[in-house]
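Residue strings, one per chain:
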Amino acid sequence: MANPYDAIIIGSGAGGGTLALHLARAGKRILILERGPFLPQEKLNWDTSAVFLENRYHTTETWHDQDDKPLHPQQAYYVGGQTKVYGAALFRMRAEDFGVIQHQGGISPAWPITYADMEPYYTRAEELFHVHGDLGTAPSVPGGFASSYDPTEPFHSKPYPYPAFSNEPRMAAIEADIRKLGINTFPIPLGLKLNEANPAASKCVRCDTCDGYPCLVHAKSDADINCIREIMNLPNVTLLTNSRVLRLLTNAAGTAITAVEVQHTDSSAPTTYEAHIVALCAGAVNSSVVLLQSANDKHPTGLANGSDQVGRNFMYHQADALLALSTIDNHDSYTKTWGTNDFYFRDTDPSYPFPLGQVQPVGSFHHEMMKGDAPPLTPGFILEGMKRHAVPWWLTTEDLPDPNNRVTLRNATPSSLAATQPGPAGPHPDSGVSPSNQSAAVTLAQPGHIKLSYTPNNTKSFERLKDRWVGILKQAGHADTSIPFHAYFKKRIPLEGVGHQNGTLRFGHDPATSVLDIHCKAHQLDNLYVVDASFFASASAVNPSLTIIANAIRVADHLLAEVLT
Ligand SMILES: Cc1cc2nc3c(=O)[nH]c(=O)nc-3n(C[C@H](O)[C@H](O)[C@H](O)COP(=O)(O)OP(=O)(O)OC[C@H]3O[C@@H](n4cnc5c(N)ncnc54)[C@H](O)[C@@H]3O)c2cc1C
Ligand code: SF4
């Protein structure tokens, strides 16, 4: 029987949503399997206590760290994945990030493709996700435009599709004072649908609850709104929500996926689906989990794991939020408008010849965010008072791939499946087809408990970055004191804060050291692709989504030209 689908796409986040859009618009018959429902559009989307204290939009599943301590990951399992709650700061990696970079903590390895290879896809990704930005007035460079604001910005073949956000008064004042110290600042590229020239036509109302929150008015460019809802009613698209993929089944030789085994939350027995190709886009942790759970006699340590690299090299950035407190009252409710990359490749101290990282504002900030870790019974008005004098900054340093930082399955006992919630579509009529795993399975078809082992690295540069930024803020008169945010607010930065997870199924030319080839096809399987943050060979120090989106467009082009012809 011919496959009912050209492609099964597992997960609908930054990678899966983008891939689905491109294959669907090309007329391919696709089945999207998403473990979560649509995120409810409700007033609580913008309620800080509900979002940050009650974890309303985070999974309740428990992972474990390397010491077997329980971990409550801040994972949003919804159509659109983590992009439903992200900050939409949509950066290109720097051109140098694609090469080898020597850090204090070790080597950041080269990618098997260059910035020039990715540039056209970055341009298309910025168009798809409505990115607002500004390159300024720099003279053109070969291949396009440079930035007069940020010397680290790589060339763009086209300017940003939408104008940069303006500053609120307080952020404008800080930026002006910082610039007087000779620091280059640049407008942060943002995927929020704001129309400042014509506010009546603006979807974004520039609220103070953006990064970390779902957007109540659907004005954030996310993979749900910008991708899935654009295609979900096409006749060639089937979307099954509340449908968690447990494992992938192979042929007897173990060379191709024959079926995808799925647990729908409204049925007790798993169902299987078939397609010509399978694209795993479940996020860097869960894509590894699916491969590990799919072990069979031809792939005894997990599917596509001949190189023993599946799940290894997990990265999620050294990232910290820092509250700069000053005597100046801050009544603005601002978003992330400007940042600096002046420490991206270097320190100001020539005796420390290593990259430090990036600085950007946290953006929207509320005193409830500090409540979780503030001393018990700290009155709300004290936190509110602190908030009024605080500007929070988000600092990121690259963490380096370490094979011991890895995702493994603690055991094969079931973890709890999400509560049953109705999806927009029922089970597909073809779901009666039940192909068996022709290669003998060696694990239970149950979700295993996830163990995430991580030892931070490259931390000296991160500490320096924090020192540099506090020094600059003080010099500019904008920080009488500063507090690492997570001393007060534990929910974002420790291992629970896996928002920037990447690198667990890295791509490369050599099957002995990588899981995926340069088209993100598993080296060991003919029809398995991984199209999410897993493919990163190194993490860079910029936010990952634009690179995930651009790569998904790149893979879609390849599939349409070479595979699904
Ligand atoms: C609070 C927060 C703020 C962030 N801010 C930014 C930012 O400003 N800029 C930026 O670039 N990035 C930001 N990020 C990171 C960004 O959201 C992620 O890098 C990006 O969404 C990852 O894309 P992905 O496709 O790899 O995975 P995801 O977007 O996580 O998508 C994976 C999808 O797969 C589904 N899934 C998982 N397992 C299964 C399974 N077994 N079966 C079926 N479906 C499954 C999930 O439900 C999800 O929908 C932020 C993240 C968070 C949490
Ligand atoms: S700032 Fe704009 S895009 Fe962000 S949540 Fe508010 S309205 Fe939505």
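Further up the page is the structure itself.
Okay, so let's go over this structure.

Reading the values: rules and limits
Once a new chain begins, its residue numbering starts again from 1 and follows that chain's sequence as written. Just so you know, chain letters begin at A and ligand numbers begin at 1, following the order they were written in. Local features in this predicted model are restricted to residues whose pLDDT is 70 or higher, and side-chain atom pairs enter the listing and the counts only when it is 80 or higher, whereas totals over whole chains, interfaces and linings include all residues. Only hydrogens and water are removed before side-chain values are computed, so all heavy atoms of the structure are retained for them. In DSSP terms, a helix is any run of H or I states spanning at least four residues, a strand is any run of E spanning at least two, and both are numbered starting from the N terminus. Remark: exposure states derive from per-residue accessible area (1.4 Å probe, protein chains only) relative to the maximum for the residue type, with buried under 20%, exposed over 50%, and partly exposed in between. Pairing of N or O atoms within 3.5 Å defines a polar contact, subject to two protein rules: one partner must be a possible hydrogen donor and the other a possible acceptor, and residues neighboring in sequence count only if both atoms are side-chain atoms. Contacts are assigned to residue pairs that have any heavy atoms within 4.5 Å of one another. Residues grouped as a nonpolar core are buried Ala, Val, Leu, Ile, Met, Phe, Trp, Tyr and Cys residues, joined through side-chain atoms within 4.5 Å. Any Phe, Tyr or Trp ring, taking Trp's six-membered ring, that has another such ring centre within 6.5 Å forms a pair; planes under 30 degrees apart are called stacked, those over 60 apart edge-to-face, and the others tilted. Consider the ring centre and the ring normal. A charge sits over the ring if Lys NZ or Arg CZ is within 6 Å of that centre and within 35 degrees of that normal. Here a residue counts as near a molecule or strand whenever at least one of its heavy atoms sits within 4 Å of it. Using a 1.4 Å probe, the Shrake-Rupley method yields the accessible areas, and only the shown protein chains count as cover for residues. Charged means Asp, Glu, Lys or Arg here, nonpolar means Ala, Val, Leu, Ile, Met, Phe, Trp, Tyr, Cys or Pro, and polar covers whatever is left, Gly included. A helix is expected to span 1.5 Å multiplied by its residue count minus one.

### Some remarks on the side chain of Lys-336
Within the element layout of this structure, Lys-336 appears in the loop between β17 (318-325) and β18 (338-339). The class for Lys-336 is buried, based on a relative accessible area of 5%. Within the structure, the side chain of Lys-336 is placed 2.8 Å from the side chain of Gln-360, a separation counted as a polar contact. One polar contact links the side chain of Lys-336 to the main-chain carbonyl oxygen of Pro-361, over a distance of 3.4 Å. Not counting chain neighbours up to four residues away, the residues in contact with Lys-336 comprise Ala-89, Ile-188, Leu-190, Asp-211, Gln-360, Pro-361, Val-362 and Gly-363.

### Regarding the nonpolar core
Core analysis: the largest hydrophobic core is formed by 98 residues, its most contacted members being Ile-30 and Leu-248. The biggest single contributor to this core is helix α10 (residues 545-563), with nine residues. Among all residues touching Leu-248, those that are not within four sequence positions of it are Ile-10, Ile-257, Ala-259, Val-260, Val-278, Val-290, Leu-291, Ser-294, Leu-303 and Leu-528. Counting 23 residues, the second largest nonpolar core, distinct from the first, contains Ala-324, Phe-354, Trp-393 and Trp-469.

### Regarding unusual backbone geometry
With phi around 50°, Asn-55 is a residue other than glycine that occupies positive phi space. Turning to its location among the elements, Asn-55 is positioned in the loop between α2 (48-53) and β3 (63-65). Of note in this structure, Arg-206 is not a glycine but carries a positive phi near 50°. Structurally, Arg-206 is set in the loop between β11 (186-187) and α5 (224-231).

### Quick look at the packing of aromatic side chains
To describe a pair of aromatic rings, one takes the distance between the centres and the angle between the planes. All chains considered together, the criterion is met by 19 aromatic pairs. Aromatic pair Phe-98 and Tyr-115: ring centres 6.1 Å apart, planes at 65°, arrangement edge-to-face. Linking Phe-98 in the loop between β4 (70-71) and β5 (101-103) with Tyr-115 in helix α3 (residues 115-128), this pair joins segments that are 17 residues apart in sequence. In terms of burial, Phe-98 and Tyr-115 fall into one category: buried. With centroids separated by 5.8 Å and ring planes inclined at 90°, the aromatic side chains of Phe-314 and Tyr-454 adopt a geometry described as edge-to-face. Taken as a pair, Phe-314 in the loop between α6 (284-293) and β17 and Tyr-454 in the loop between β22 (450-453) and α9 (459-475) lie far apart in primary sequence, 140 residues in all. Exposure class is identical for Phe-314 and Tyr-454. Each is buried. By way of ring pairs, the aromatic residues Phe-98, Trp-111, Tyr-115, Tyr-122, Phe-155, Phe-507, Phe-535 and Phe-536 are connected into one cluster. Directly above the ring of Tyr-77 sits Arg-35, whose terminal nitrogen or CZ lies 3.6 Å from the centroid. Note that Arg-464 overlies the ring of Tyr-352, its terminal NZ or CZ placed 3.9 Å from the centroid.

### With respect to the site of ligand 1
Near ligand 1 you find 37 residues, and of these Gly-15, Glu-34, Ala-89, Val-245 and Ser-545 are the closest. A distance of 3.3 Å is found between an oxygen atom of ligand 1 and a backbone nitrogen or oxygen belonging to Gly-81. Between Gln-82 and ligand 1, the recorded distance is 3.1 Å, taken from a backbone N or O atom to an oxygen atom. With the chains in place, 94% of the 1000 Å² that ligand 1 exposes on its own is no longer accessible. Sorting the residues of the shell around ligand 1 by element identifies α1 (14-25), β13 (243-250), α6 and α10 as the ones contributing at least two each. For the shell around ligand 1, the element with the most residues is β13, which contributes three residues. When grouped by side-chain class, the residues that make up the shell around ligand 1 number 16 nonpolar, 16 polar and five charged.

### Here's the deal with α9
Compared with an ideal rise of 1.5 Å per residue, which puts 17 residues at 24 Å, α9 spans 24 Å between its outermost C-alpha atoms and is within 8% of the ideal. Taken residue by residue, α9 has Ser-461, Phe-462, Leu-465, Lys-466, Trp-469, Val-470, Ile-472 and Leu-473 as its buried positions. In the stretch just after α9, Gly-477 is the one whose phi turns positive, near 80°.

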